[in-house]
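Here is what each chain is made of, one letter per residue.
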Amino acid sequence: MGLHGRSVRQDVRELGDLLGEAVERHASRDAFEAVEDARTAAIDYRQGETSTRDELRSVLAENDEEVNASVARAFTTYFELVNLAEERERVRSLREGEDDGTLADSLPAAVERLADDGAAPSDVRDVLEAVRVVPTFTAHPTEARRKTVKATLVRVTDLLEELDQHRLTKRERANKLARLDALVESLWTTKQVRGRRPEPFDEARNVHWYLANVIFDQVPEMYDRLEDALEEHYEEPPAVPEILDFRSWAGSDRDGNPFVTPEVTTKTLERQRDLVVENYRDALDDVSGVLSQDATRMDLASVEASLDRDAERVPSLVSGARERYPDEPLRQKVLVMWRRLGRITDVRPGGYDDYEEFLADIDVVEDALRANDADRIADEYIDPLERQVRTFRFHLASLDLRDHQEMHTGALEEALEREGVDYRSMDEDERVEFLTEATLQTENVLDLTDTEDLSDEAARVLSRFDALGGWHEEYGEEAIDTYCISMTERPSHVLEVLFLADQAGVVDLPEHCGLDVVPLLETESALANARETMETLFDNDAYGAALEARGTVQEVMLGYSDSNKENGFLAANWALNEAQRKLAAITDDLGVELRLFHGRGGSISRGGGPMNEALLALPPETVTGEVKFTQQGESIAETYGNPYIAERNLEQMLNAQIRARHDAVSRGDSDALDDPGSAIDPEWEAAMETMASAARSAYVDLLGTEGFVQYFEQATPITVIEELNMGSRPASRSEERSVEDLRAIPWVFSWTQSRCIVPGWFGVGTGIEAYLDDGGDVETLREMYAEWPFFRTMLDRASMALARTEMEIAAEYADLADDDLRERIFPTIESEYGRSRDAVLDITEADALITREWLTESLERRNPYVDPLNLLQVDLLRQSHRTEAAEQTLRLSVKGIAAGMKNTG
């Protein structure tokens, strides 16, 4: 018998039938027939049965407002269910691949690759000691689903698994299907669109769910799989160090979000500690059940000695444990540990001071088991807990603070003015000199608690830094030890944060620096001036001392989103690649270790796509082993919502980083100039320079077209998206109406809704054409695609964005714009789409933009069902006076298209 009893087609068919029944029961027969008519008309056009979409338009036009609301709800709910069916199919593929040993990009495959390359155990040890993969969860507002809807979908997922993986009797199967019917009915009758905007703490709670309920359990699996693979290939396998870490911005990212206050951050830190401690207590409950060993049958003197030491500190806990479990020292010890965990936030003494103290107790139990040949118990019950504690410690995920550089500068201008310092009028050199001296001197310059007469923005900055010292004291330095500075342009922007941290008492140079200060380079000028900025900082007395105190590791964040919005897809990708190489050269020259932080979004245009491919495509000189990257919005749910898929993603990322680090070290040992990948072919670099320059010019010209902002407002649903209750952060940085002011997420979201994904490909065709017109040849481009991971990954992502673009649908949206705007702008977009599509197909020598069979099937399954939502949305956008019911349907259409495209921004 096979591993599974169902298929994706069966899941989609049965879920669709259940949904249809719910529509007919709870809406009306007219609504059910309207949904069926719209679905049939859309499929007929896609399959060539009709030559136009007029029939589909007619179906939607004939419906009254209430029926069209049901149509929007039906297709939206359908996509929610189809997404689960496709997720289930992915799980089937993963389980079957693992079972038959054909799963690519696995941890066993990474170890096998190293072994085949002749890596000795010491080589593997060095690679593993360098590797650390750090997913960082953000609260960016790209999750369109309500929490209530997500909870129901999780229950549907569980039922699909039970139907698929369990051998059921007819009665059991009927019961499961009845429950599934009830859940689909619940989805239909549940409000789909949020009635209020989520608050920052809501977003933090959302991230916490994935960390505490999915990732927490998957981490030990990663280590087990890696250790098993090492034992298979090496007689004396190296020990596996900590190679996974998790961080979060949810509840601490203040950039553009005035609602992220110190109080929110405190609540977030407190909840994270409570969650992870509760997880440890649950694990100890499980452990206790197998530690019933009789002291007369084992030598447990070491455990007794540990309990005696505990009795000196918490006598009542030890006496109670000994009374409850006489002659069972291991259980006694575990109970004491369980109760000490409960006292971490208790007014009573005896709680653990830090996670290392807890680890020491875990080691007592493990050592006793192994000393008595109970290795299997230690392996299955103690090792996993130890890995979890080393990974999640007492804070679940470390928080990064973040704010815009303008906020720090403005706060210092106001606060220093009260001290008689005219910081506002200083030039850059003067600011660097002042901040350096002020940070290094013993006496504080500012009283961070004094916010009287300051603006709200300045008071918030000072209050945040004032709270930082308290957070370190209460939760530990590791709980919140990084500060990202958005839109960093100059050295002073970094030194301002270091100075404020010094005033808060978390920096005391040269001995101590409790904060990694991380510049976020996003703009063309910031990326171009990266060397000058970093050299100035590294040579600075204050910053140099801080860097030394942090182990001479410099983290630099690269912003994919705003770089793309400013420069366009191709030029941004090249600028980011070059910036990474420059940063690697700078840090190498100055003896500083570089840790890159990739600020990637979920969409292609914002750096999205398979993370393992992205890691393997990084410039080799930047692969120091440590890599950090953001995971955002709906991509968090897609990546970590299902345990099987979460495990697979973590495994693929570790596979990629282990391989990339090994390859980078191997290349470093080679003296051969022609060693593949040791350097980029100068001809390829020149080609990219030509392409990037032309692509950027084309993109900038498009955005600079007279009336472009007005066209964007009229030809996309941006005004609707700005009003959605998707996230706590405002859609724009200010009240100004410009592309520069608009945040990258709603920018991409709006183009995606209109099926015209300009940020994912515009300029690609022009760039390639410019290179060919300049004497280049397509064979060189094909060679670049075959042999250069950076170019191949970039082109594959552009291909994906092109495949998801539907110019016929985009034309419907373009018709919403004033005639003169449409004629000035849409033909340029349309022609660039054709140019880019043809160029990509020519280089890849493919017949279609998408060559992966499963993805082609997914798009074919989705497109006919997205079309009615797009046409309905266009019709609603065209209406100048919409009723409240029509507004609700319009907002629901945005959610439905996002579900159908499996992407927002």
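Now for a description of the structure that goes with this document. (Residues numbered from 1 in each chain as written. Predicted model: local features only at pLDDT ≥ 70, side-chain atom pairs only at ≥ 80, totals over all residues. Heavy atoms only, no water.)

**Focus on the overall build of the chain**
Within the chain one finds 38 helices and 10 strands. Expressed along its principal axes, the backbone C-alpha trace of the chain runs to roughly 85 × 80 × 65 Å. Burial analysis of the chain (905 residues in total) assigns 59% to the buried set. Sequence separation of at least 24 residues holds for 81% of the intrachain contacts in the chain that already meet a minimum separation of 6. (Helix = DSSP H or I, 4+ residues; strand = E, 2+ residues; numbered from the N terminus. Buried < 20%, exposed > 50% of the residue type's maximum accessible area, 1.4 Å probe, protein only. Contact = heavy atoms within 4.5 Å.)

**Remarks on the pattern of salt bridges**
Across all of its chains, the model carries 87 salt bridges by this definition. Ionic pairing is found between D403 and R464, a salt bridge with its closest N-O pair at 2.9 Å. Residue D403 is found in strand 3 (residues 398-404), and its partner R464 is found in helix 18 (residues 456-475); the two are separated by 61 residues along the sequence. Here D516 makes a salt bridge to R550, at a shortest N to O gap of 2.8 Å. With D516 in strand 7 (residues 516-521) and R550 in the loop between helix 22 (541-549) and strand 8 (553-559), this residue pair connects regions lying 34 residues apart in the sequence. Across the pair, exposure class does not vary: D516 and R550 are buried alike. If you follow the salt bridges from partner to partner, you end up with R247, D400, E477, D481, D516, R550, E555, R595, E626 and K628 in one network. (Salt bridge = Lys/Arg side-chain N within 4 Å of Asp/Glu carboxyl O.)

**With respect to a negative patch on the surface**
A grouping of E270, D274, E278, D282, D285 and D286 is seen on the molecular surface, where their side chains present a negatively charged patch. Along the chain, the position of D286 falls in helix 10 (residues 262-288). (Patch = residues over 30% accessible without salt bridge, like charges linked within 9 Å, V, L, I, M, F, W, Y side chains within 5 Å. Areas by Shrake-Rupley, 256 points an atom, 1.4 Å probe, with all protein chains shown as cover. Lys, Arg positive; Asp, Glu negative; His and termini not counted. Charge placed at Lys NZ, Arg CZ, Asp CG, Glu CD.)

**Thoughts on helix 15 (residues 375-392)**
Over its 18 residues, helix 15 extends 24 Å from the first C-alpha to the last, a length consistent with the 26 Å expected when each residue adds 1.5 Å. Considering bend angle alone, the principal kink of helix 15 is centred on I382 and spans about 40 degrees; proline P384 follows within four residues of it. Restricting attention to buried positions, one finds in helix 15 the residues A378, I382, P384, L385, E386, R387, Q388, V389, T391 and F392. Residues of helix 15 that are buried make contact with helix 9 (200-233), helix 10 and helix 14 (355-371). One or two steps after helix 15, the chain reaches R393, where phi turns positive at roughly 45 degrees. (Expected span 1.5 Å × (residues − 1). Bend = angle between axes of the 7 residues up to and from the residue.)

**Here's the deal with the packing of helix 2 (residues 29-46) against helix 37 (residues 853-878)**
Helix 37 packs onto helix 2 with a crossing angle of 120 degrees between their chain directions and a minimal axis gap of 8 Å. Considering the angle they form, helix 2 stands oblique to helix 37. Note that helix 2 runs across helix 37; the crossing there is right-handed. Side by side, helix 2 and helix 37 meet where A38, R39, A42, I43 and R46 of the first sit next to N863, P864, Y865, D867 and P868 of the second. Classifying every residue of the contact of helix 2 with helix 37 gives six nonpolar, one polar and three charged. (Axes fitted to C-alpha atoms, helices over the stretch in contact; angles between N-to-C directions. Parallel < 35°, antiparallel > 145°, perpendicular 65-115°, else oblique. Left-handed = near helix turned anticlockwise from the far one by under 90°. Nonpolar A, V, L, I, M, F, W, Y, C, P; charged D, E, K, R; others polar.)

**Digging into unusual backbone geometry**
Residues other than glycine predominantly adopt negative phi, and peptide bonds predominantly adopt the trans conformation. With an omega dihedral of 5 degrees, the bond running from L509 to P510 counts as a cis peptide bond. Residue position: P510 is located in the loop between strand 5 (507-508) and strand 6 (512-513). Here the phi dihedral of D105 falls at roughly 60 degrees; this positive angle occurs in a residue that is not glycine. Its place among the elements puts D105 in the loop between helix 4 (65-100) and helix 5 (107-116). A positive phi angle is found at L396, which is not glycine, with a value near 70 degrees. Within the secondary structure layout, L396 lies in the loop between helix 15 and strand 3. Judged by relative accessible area, L396 falls into the buried class, the value being 1%.

**Comments concerning the environment of D217**
Mapped onto the elements of the fold, D217 is located in helix 9. Between the alpha carbons of D217 and L385 there is a distance of 9.5 Å; along the sequence they are 168 residues apart.

**Structural notes on the packing of aromatic side chains**
Scanning the entire structure with this criterion turns up 28 aromatic pairs. Consider the rings of F708 and W747, whose centres lie 6.3 Å apart with planes at 55 degrees: the pair is tilted. Of the two residues, F708 sits in helix 29 (residues 708-715) while W747 sits in helix 31 (residues 744-753), which places them 39 residues apart along the sequence. Taken as a pair, F708 and W747 share a single burial class, namely buried. On the numbers, 5.3 Å between centres and 40 degrees between planes, the contact of F712 with W751 is tilted. In this pair, F712 sits in helix 29 while W751 sits in helix 31, placing the two residues 39 residues apart along the sequence. Between the NZ or CZ atom of K628 and the centre of the ring of F597, over which it lies, the distance is 4.3 Å. (Phe/Tyr/Trp six-rings, centres within 6.5 Å; stacked < 30°, edge-to-face > 60°. Lys NZ or Arg CZ within 6 Å of the ring centre and 35° of its normal.)

**Notes on the pairing of strand 9 (residues 593-599)**
With respect to burial, strand 9 is a largely interior element, six of its seven residues being buried. Where strand 8 lies against strand 9, seven bridges are found, and the strand directions are parallel. Bridging from a neighbouring strand, E555 pairs with R595 of strand 9. One ladder, built from three bridges, connects strand 9 with strand 10 (residues 626-631); its direction is parallel. Within the sheet, the bridge partner assigned to F597 lies in strand 10 and is K628. (Pairing = 2+ DSSP bridges.)

**Re the nonpolar core**
Ranked by size, the top nonpolar core spans 127 residues in total, and within it M688, M691, Y711, F791 and I829 carry the most contacts. Looking at which element gives the most residues to this core, the answer is helix 4, with 11 residues. In terms of nonpolar packing, the next biggest core, distinct from the first, is built from 86 residues, A110, L650, M653 and L654 among them. (Core = buried A, V, L, I, M, F, W, Y, C linked by side-chain atoms within 4.5 Å.)

**What to know about the sheet that holds strand 3**
Ordered in space as 1-2-3-4-7-8-9-10, the eight strands form a closed barrel in which the pairing is parallel. Both strand 2 (residues 247-248) and strand 3 contribute to a ladder of two bridges, which runs parallel. When the sheet's bridge partners are listed, R247 is paired in strand 3 with S398. Those strands touched by helix 23 (residues 560-567) are strand 8 and strand 9, and its axis lies near 45 degrees from that of strand 8.

**Focus on the side chain of R6**
Mapped onto the fold, R6 is located in the segment before helix 1 (8-26). Classification of R6 as buried rests on a relative accessible area of 10%. A polar side-chain atom of R6 sits 2.6 Å from a polar atom in the side chain of D11. When residues no more than four places from it in sequence are discounted, the contact partners of R6 are D11, E14, R92, L163, D164 and R173. (Polar contact = N/O pair within 3.5 Å; in protein donor to acceptor, adjacent residues only side chain to side chain.)

**Observations concerning the packing of helix 9 against helix 10**
Where helix 9 meets helix 10, the closest approach of the two axes is 10 Å, and the angle between their N-to-C directions is 20 degrees. Comparing the axis directions of helix 9 and helix 10 gives the class roughly parallel. In this structure, helix 9 crosses over helix 10, and the sense of that crossing is right-handed. Contact residues: helix 9 offers P200, F201, A204, R205, H208, A212 and F216, while helix 10 offers V264, K267, T268, R271, Q272, L275, V276, N279 and Y280. Here the contact of helix 9 with helix 10 is built from residues that sort into nine nonpolar, four polar and three charged.

**As for the environment of H166**
Summarising the element assignment, H166 is placed in the loop between helix 7 (147-165) and helix 8 (170-189). Expressed as a C-alpha distance, the spacing of H166 and D99, which sit 67 residues apart in the sequence, is 17 Å.

**Some points on helix 19 (residues 491-503)**
Look at helix 19: 19 Å from first C-alpha to last across 13 residues, which is about the 18 Å you get at 1.5 Å a residue. In terms of residue burial, helix 19 counts as a mostly covered element, since 13 of its 13 residues are buried.

**Focus: the side chain of T716**
Residue position: T716 is located in the loop between helix 29 and helix 30 (718-723). With relative accessibility at 2%, the residue T716 sits in the buried group. In contact with T716, other than residues within four places in its own chain, are S750, W751 and S754.

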